[in-house]
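# Residue-level structural notes
So the chains spell out like this:
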Amino acid sequence: MSLNHIRPWRNIYRRKSRQIMVGNVPVGGDAPISVQTMTNTDTTDVAATVAQVQAAAEAGADIVRISVPDEASSKALADITRESPVPIVADIHFHYKRGIESALAGAACLRINPGNIGSADRVREVIAAARDNGCSIRIGVNAGSLEKHLLEKYGEPCPDAMVESGLDHIRILEDNNFQDYKISVKASDVFMAAAAYQGIAEATDAPIHLGITEAGGLVSGTIKSAIGLGNLLWMGIGDTIRVSLSADPVEEVKVGFEILKSLGLRHRGVNIISCPSCARQGFDVIATVAELEKRLEHIKTPMSLSIIGCVVNGPGEALMTDVGFTGGGNGAGMVYLAGKQSHKLSNAQMIDHIVEQVEARAAQLDAAEENAHAAE
């Protein structure tokens, strides 16, 4: 994020981490914070899994993780990675051979859980496979599956135990001269996860994968993730994120981007600023926003749209957005373009007209960016 000297209270100073590659996606350093999700199809159903990966990529996912629980899944992964538009992370639990097979099948990264992958010797075999096949590794510490000796030492899952687990496995990778790793220390408890992430951020310069694991359904999980991930990102911690929801993976991607957009860390698509509506509204704000969200999903250009029901805050919000509409009286409202009052419009024409204006503004912004690149 570039520094904002006019509004310094918006600045976020990202933790300095070294950079690794997950396929063609840089993670860490000054790279944009990447957004991940995970498929929930049966991995052996190649067509269904590829379709879900493609949908996630269309929604903006930079990286997609796929569970590899058995040998049949390893074999299917080879077909999936060939068709995937984004790098694939193989999620490995319990059997180290799945990690080796996944590296051979074209995975860009192997996610291993140190609490259940097996002995140090088996981890070394996975490291060798990753190195030989150009894979990075994510050390995935989880409060729900810590090593037995750490649970005995600390009495229960806690941030210190999670950090110690992560550092133990960093040591194994580095003892084997493997540096292409990132780390996560996830918990379903927001407080535990935040404390663990702060601890690991201080202890290593490795890129950090953020997540609140098993966060819940779409609403509750979104709120829990926004609180946990939002606070950590605000502190400058985090190089790649995954929002874990009991919902469609596409929803995870959308929520992840909204969290980043709200902090000014990543921009994609239309940021709709809208009021909750009240008795002053000059049109049905809730229904209008719901329809516009659907109609504008195809816009990838970063831009802003204000939809405000009345003139109390409408004109002020419209001054700060690319396109705006403020409700008035007699079934009409005011359209704002590039922060300036433009023309009146009837409520009946509003949605179609706003979609046209947003598309036109997106085309202008895209052309300006292309011209700027051409002039460099």
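Predicted model only: the values in this text are computed from it and were never measured. (Residues numbered from 1 in each chain as written. Predicted model: local features only at pLDDT ≥ 70, side-chain atom pairs only at ≥ 80, totals over all residues. Heavy atoms only, no water.)

### What to know about the packing of helix α8 (residues 218–234) against helix α9 (residues 249–262)
This is how the line gets drawn: Axis lines are fitted to C-alpha atoms, over the contacting stretch for helices. Their N-to-C directions set the angle, which ranges from 0 to 180 degrees. Secondary structure elements follow DSSP: runs of H or I no shorter than four residues count as helices, runs of E no shorter than two count as strands, and numbering proceeds from the N terminus. Crossings are assigned a handedness: left-handed for a near helix turned anticlockwise from the far helix by less than a right angle, right-handed for a clockwise turn. Contact criterion: two residues are considered in contact whenever any of their non-hydrogen atoms come within 4.5 Å of each other.
Two elements in contact, α8 and α9, have axes whose closest approach is 10 Å; the angle formed by their N-to-C orientations is 35 degrees. Handedness of the crossing formed by α8 with α9: right-handed. Residues L218, T222, S225, A226, G230 and L233 of α8 form the contact with α9, whose participating residues are E251, V255, I259 and L260.

### Here's the deal with the environment of D45
Put simply, the test is: The term polar contact refers here to a pair of N or O atoms within 3.5 Å; inside protein, the definition further demands a hydrogen-donor-capable atom paired with an acceptor-capable atom, and it admits residues adjacent in sequence only when both atoms are side-chain atoms.
Relative to the elements of secondary structure, D45 occurs in the loop between β3 (34–38) and α1 (46–59). Separated by 236 residues in sequence, D45 and Q281 have C-alpha atoms that sit 49 Å apart. A polar atom in the side chain of D45 sits 3.2 Å from the backbone nitrogen of A48.

### Section: the sheet that holds strand β12 (residues 303–308)
We count it as follows: Strands are labelled as partners when DSSP assigns at least two bridges between them.
The strand order across the open sheet built from five strands is β11-β12-β13-β14-β15, with neighbouring strands paired in mixed fashion. The open sheet has two edge strands with one neighbour each: β11 (270–274) and β15 (340–346). With direction set aside, neighbouring strand axes in the sheet form an average angle of 20 degrees. Of the strand pairs in this sheet, β12 and strand β13 (residues 323–327) are connected by four bridges, and their pairing is parallel. Across the sheet, residue I307 finds its bridge partner in β13, namely F325. Sheet strands in contact with helix α10 (residues 285–295) are β11 and β12, and its direction is about 155 degrees off that of β12. Lying over the sheet, helix α12 (residues 350–375) contacts β11, β12, β13, β14 (332–337) and β15, oriented at roughly 160 degrees with respect to β12.

### Quick notes on the pairing of strand β4 (residues 63–67)
The following threshold applies: Relative accessibility under 20% of the residue-type maximum defines a buried residue, over 50% an exposed one, and the middle range a partly exposed one, all with a 1.4 Å probe and only protein chains included. With the strands aimed away from the viewer, a crossover counts as right-handed if its path from the first strand over the helix to the second runs clockwise.
For β4, the buried fraction is high: four of the five residues fall into the buried class. Relative to β4, β3 runs parallel, the two sharing three bridges. Looking at the pairing, T37 lines up with V64 of β4. Where β4 lies against strand β5 (residues 88–92), four bridges are found, and the strand directions are parallel. Within the sheet, the bridge partner assigned to R65 lies in β5 and is V89. Since β4 and β5 lie parallel, the crossover through helix α2 (residues 71–83) that links them has a hand, and here it is right-handed.

### Section: the pattern of salt bridges
Pairing between side chains becomes possible if they bear opposite charge and their charged atoms approach one another. The condition is simple: Basic side-chain nitrogens of Lys or Arg form a salt bridge, by our definition, when they fall within 4 Å of a carboxyl oxygen of Asp or Glu.
Enumeration over the complete set of coordinates arrives at 17 salt bridges. Between D79 and R82 there is a salt bridge, and its shortest N-O distance comes to 2.2 Å. Taken together, the residues D79 and R82, both in helix α2 and three residues apart, mark about one turn of the helix. Assessed through its relative accessible area of 31%, D79 is described here as partly exposed. Residue D352 is joined to R295 by a salt bridge in which the shortest nitrogen-to-oxygen separation is 3.0 Å. Here D352, found in helix α12, pairs with R295, found in helix α10; they are 57 residues apart in sequence, far enough to count as distant. D352 gets classed as partly exposed once you look at its relative accessible area, which sits at 45%. For R295, a relative accessible area of 31% gives the class partly exposed. Here the residues in one salt-bridge network are R14, R15 and D239, joined through shared partners.

### Considering α9
Note the threshold: Here, expected helix span is obtained from the residue count minus one, scaled by 1.5 Å.
With 14 residues, α9 should cover 20 Å at 1.5 Å per step; its first-to-last C-alpha distance of 20 Å lies within 8% of that length. Counting buried residues along α9, ten of its 14 residues qualify, which places the element largely inside the surrounding structure. For α9, every residue scored as buried is listed here: P249, V250, E252, V253, V255, G256, F257, I259, L260 and K261. Tucked inside the fold, the buried residues of α9 contact β3, α1, α8, β10 (240–242) and β11. The distance from a side-chain oxygen at the start of α9 to the backbone nitrogen of V250 is 2.8 Å, and the residue carrying that oxygen is D248. Following α9 by one or two positions, G264 has its phi on the positive side, about 70 degrees.

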